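Single-letter residue listing:
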Amino acid sequence: MKGCDCADEPLMPVEAALQQMLERLPPPLPSEAVPLDAASGRILAQTLYAPADVPAWDNSAMDGYALRFSDWRPGIGMSLGGRIAAGQVGGRLEGGQAVRIFTGAPLPEGADTVVAQEDCRLEQGQLLIDELSTGSHVRRRGEDSHAGDLLLAAGTLLRPTEIGLLASRGVGALEVFRRLRVALVSTGDELREPGEPLAPGQIHNANRPMLKALLEGWGCVVIDGGTLPDRHDVTRRELAALACEADVLITSGGVSVGEEDHIRNVVKELGGLHLWRLAIQPGKPLAFGEVRGTTWIGLPGNPVASLVTALVVARPWLWRAMGRSQRPPQPVVLPSGFGWPKPRVRAQFLRACLASGPDGSLAVLHGQQGSAQLAALSWAEGLVEIEAGRTFESGAPVRYWPLADLLS
Ligand code: AMP
Ligand code: MG
């Protein structure tokens, strides 16, 4: 952007804006050691390899009997010798015998097959098996992973699934990226905090608690910068102070074209405005820049626009700034349960839900799509993206972003 604020300037497509934003990532965050029990939701800062084979030895996948397959004959009884439970060691299988075995117990030396107890019978102390296939119900050494295999790459989000994997490999502590510190500010003389009474003309501050919850859910530490009045001097003082404390500064409101919108001017004075105004609805006033060397993301004031741009634009940038290297979630393509006869200049992100259609799920829209209407946002399970300039009839494929993917 060349210093021009003129509102007639063409709007920047979301993809192009994101690309420019990702060219301005801050340096990687430092790492810190945490115990596995405290690692959920953190981003792995080291690449981890399997320290040993898992399972470490052949073991039984069922409660039943272990034997050597070549000793078995259909309908001919086998004598029993021994009993091995989980936590015990396997011992040796005597020729022609079967051994009572339980799930997770090591196979005795010489055994290669397990028959489940429900697939055999005992008659006069002899084990009878009618059908058996070689190697059945045996979990082989190393079948889950081998010593030296890649377990998890640096940049992986540690979900309960990864915590389980690491626990099973005996990892008790690991290096994760320090949490991203995000200073969050709302702006507007009209705002009062939830719980406070409203005087005429005032509204409750929806964005501050909403964005705080969103950022914390993504694993950021939120520095609450409170609500700023629509005043240039206070805005300048507060943004300058917060920029020193945080890795990223996020504001809501005050980035439109009105005289009460001071944020962009302050950002220009304290650093620089890199982009402003995207071809997205809701969310056109989105801005990106820096304050005293700290990245600044200026979200729109209207709450739905604020949330949608946080999900669609801020999230992929924050994802990378947090150290995440996996590909962010992608939309699914579904038939639309509505037509779109009129092309729009801006890409649309519309509050939607799934409904059942003749051949599976359809994406259907909420009737209220105003950028201040939060009830429809809470109703929505996803956002339907409609590319700028597109028209289609009901049943045409559309990109559907499940909100659950974007919110986590
Ligand atoms: P602005 O971009 O500051 O002009 O704000 C656009 C609209 O969003 C106005 O109607 C504001 O009152 C409203 N708005 C701004 N910030 C918030 C907020 N934190 N919570 C709820 N509404 C807001
Ligand atoms: Mg305002």
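The shown structure was predicted, so the numbers you read here are calculated from the model rather than taken from an experiment.

Quick word on the site of ligand 1
Then step 1. Glu190, Asn205, Ala206, Gly254 and Asn302 are the nearest of the 17 residues found near ligand 1.
Then step 2. One nitrogen or oxygen atom from the side chain of asparagine 207 is found 3.3 Å from a nitrogen atom belonging to ligand 1.
Then step 3. Against a free-state accessible area of 490 Å², the protein chains account for coverage of 77% of ligand 1.
Then step 4. Secondary structure elements with two or more residues in the shell around ligand 1: strand 13 (181-187) and strand 15 (203-204).
Then step 5. The residue makeup of the shell around ligand 1, split by class, is four nonpolar, 11 polar and two charged.

Observations concerning the side chain of asparagine 59
Then step 1. Here asparagine 59 lies in strand 3 (residues 59-60).
Then step 2. The class for asparagine 59 is buried, based on a relative accessible area of 3%.
Then step 3. For asparagine 59, the side chain forms a polar contact with the main-chain oxygen of tryptophan 57, separated by 3.2 Å.
Then step 4. The residues touching asparagine 59, leaving out its near neighbours within four places in the chain, are Gly104, Ala105, Pro106, Leu107, His137, Val138 and Arg139.

Side note on the packing of helix 4 (residues 232-245) against helix 5 (residues 263-270)
Then step 1. At a minimum axis distance of 9 Å, the contact between helix 4 and helix 5 shows a crossing angle of 50 degrees. As summarised for this structure, helix 4 and helix 5 are arranged oblique, according to the angle between their axes. Here the hand of the crossing between helix 4 and helix 5 comes out right-handed. Contact residues: helix 4 offers His232, Thr235, Arg236, Leu239 and Ala240, while helix 5 offers Ile263, Asn265, Val266, Val267, Glu269 and Leu270.

Quick look at the sheet that holds strand 9 (residues 126-128)
Paired through their backbone hydrogen bonds, the strands of a sheet run either parallel or antiparallel.
Then step 1. If you walk across this open sheet you meet the six strands as 7-4-6-5-9-8, and the pairing is mixed. The outermost strands of the open sheet, each flanked by one partner alone, are strand 7 (113-116) and strand 8 (121-123). Looking at each pair of strands side by side, their axes are set apart by 45 degrees on average, direction ignored.
Then step 2. Pairing geometry for strand 8 and strand 9, over three bridges, is antiparallel. The residue bridging glutamate 123 from the neighbouring strand is glutamine 126, located in strand 9.

Description of the sheet that holds strand 17 (residues 248-252)
Then step 1. Reading across the sheet, the six strands line up as 16-13-17-21-20-18 and stay open at both edges, with mixed pairing between neighbours. Where the open sheet ends on each side, the last strands, each with one partner, are strand 16 (221-228) and strand 18 (271-276). In this sheet, neighbouring strand axes are inclined to one another by 20 degrees on average, regardless of whether the strands run parallel or antiparallel.
Then step 2. Pairing between strand 13 and strand 16: six bridges, direction parallel. If you follow arginine 181 over to strand 16, its bridge partner there is valine 221.
Then step 3. Contacts from helix 4 reach strand 13, strand 16, strand 17, strand 20 (287-291) and strand 21 (294-299) within the one sheet, and its direction differs from that of strand 16 by about 175 degrees.

A closer look at helix 3 (residues 207-217)
Since the α-helix turns once every 3.6 residues, residues separated by three or four places project in the same direction.
Then step 1. Considered for burial, the residues of helix 3 that qualify are Asn207, Arg208, Met210, Leu211, Leu214 and Leu215. Buried residues of helix 3, viewed axially, fall in a sector of 165 degrees; they line one side.

Details of the nonpolar core
Then step 1. Residues Leu180, Leu215, Ile250, Ile297 and Leu318 are the most contacted members of the largest nonpolar core, which totals 46 residues.
Then step 2. Taken together, the elements giving at least two residues each to this core come down to helix 1 (14-22), strand 13, helix 3, strand 17, strand 21, helix 6 (303-321), strand 23 (347-357) and helix 8 (403-407).
Then step 3. The element that contributes the greatest number of residues to this core is helix 6, accounting for 11 residues.
Then step 4. In contact with isoleucine 297, not counting residues within four places along its chain, are Val248, Leu249, Ile250, Thr251, Leu286, Ala287, Phe288, Ala314 and Trp317.

Regarding a negative patch on the surface
Then step 1. A surface patch of like charges, here negative, comprises Asp63, Glu118, Asp119 and Glu131.
Then step 2. Using a relative accessible area of 45% as the deciding quantity, one classes aspartate 119 as partly exposed.

Details of the environment of aspartate 58
Then step 1. Following the sequence through the fold, aspartate 58 ends up in the loop between strand 2 (48-49) and strand 3.
Then step 2. Distance in space between the C-alpha atoms of aspartate 58 and proline 106 is 5.9 Å, their sequence separation being 48 residues.
Then step 3. Apart from the residues lying within four places of it in its own chain, the contact partners of aspartate 58 are Pro106, Leu107, Val138, Arg139, Arg140 and Arg141.
Then step 4. Looking at aspartate 58, its side chain comes within polar contact range of the main-chain nitrogen of arginine 141, at 2.8 Å.

Regarding the packing of aromatic side chains
Centre-to-centre distance and the angle between the planes together describe a pair of aromatic rings.
Then step 1. Inspection of the entire model under this criterion finds four aromatic pairs.
Then step 2. Ring centres of phenylalanine 338 and tryptophan 340 lie 6.4 Å apart, and the angle between their planes is 80 degrees; this geometry places the pair in the edge-to-face category.
Then step 3. A connected cluster of aromatic rings, assembled from ring pairs, spans Phe338, Trp340 and Phe392.
Then step 4. The positively charged end of arginine 100 is found above the aromatic ring belonging to tyrosine 65, 5.0 Å away from the centroid.
Then step 5. Against the face of tryptophan 276 rests arginine 277, its NZ or CZ located 5.4 Å from the ring centre.

Rules used in this analysis
Residues numbered from 1 in each chain as written. Chains lettered and ligands numbered in written order. Predicted model: local features only at pLDDT ≥ 70, side-chain atom pairs only at ≥ 80, totals over all residues. Heavy atoms only, no water. Near = heavy atom within 4 Å. Polar contact = N/O pair within 3.5 Å; in protein donor to acceptor, adjacent residues only side chain to side chain. Areas by Shrake-Rupley, 256 points an atom, 1.4 Å probe, with all protein chains shown as cover. Helix = DSSP H or I, 4+ residues; strand = E, 2+ residues; numbered from the N terminus. Nonpolar A, V, L, I, M, F, W, Y, C, P; charged D, E, K, R; others polar. Buried < 20%, exposed > 50% of the residue type's maximum accessible area, 1.4 Å probe, protein only. Contact = heavy atoms within 4.5 Å. Axes fitted to C-alpha atoms, helices over the stretch in contact; angles between N-to-C directions. Parallel < 35°, antiparallel > 145°, perpendicular 65-115°, else oblique. Left-handed = near helix turned anticlockwise from the far one by under 90°. Pairing = 2+ DSSP bridges. Arc of directions from axis to C-beta. Core = buried A, V, L, I, M, F, W, Y, C linked by side-chain atoms within 4.5 Å. Patch = residues over 30% accessible without salt bridge, like charges linked within 9 Å, V, L, I, M, F, W, Y side chains within 5 Å. Salt bridge = Lys/Arg side-chain N within 4 Å of Asp/Glu carboxyl O. Lys, Arg positive; Asp, Glu negative; His and termini not counted. Charge placed at Lys NZ, Arg CZ, Asp CG, Glu CD. Phe/Tyr/Trp six-rings, centres within 6.5 Å; stacked < 30°, edge-to-face > 60°. Lys NZ or Arg CZ within 6 Å of the ring centre and 35° of its normal.

No statement about biological role is implied by the geometric values presented.
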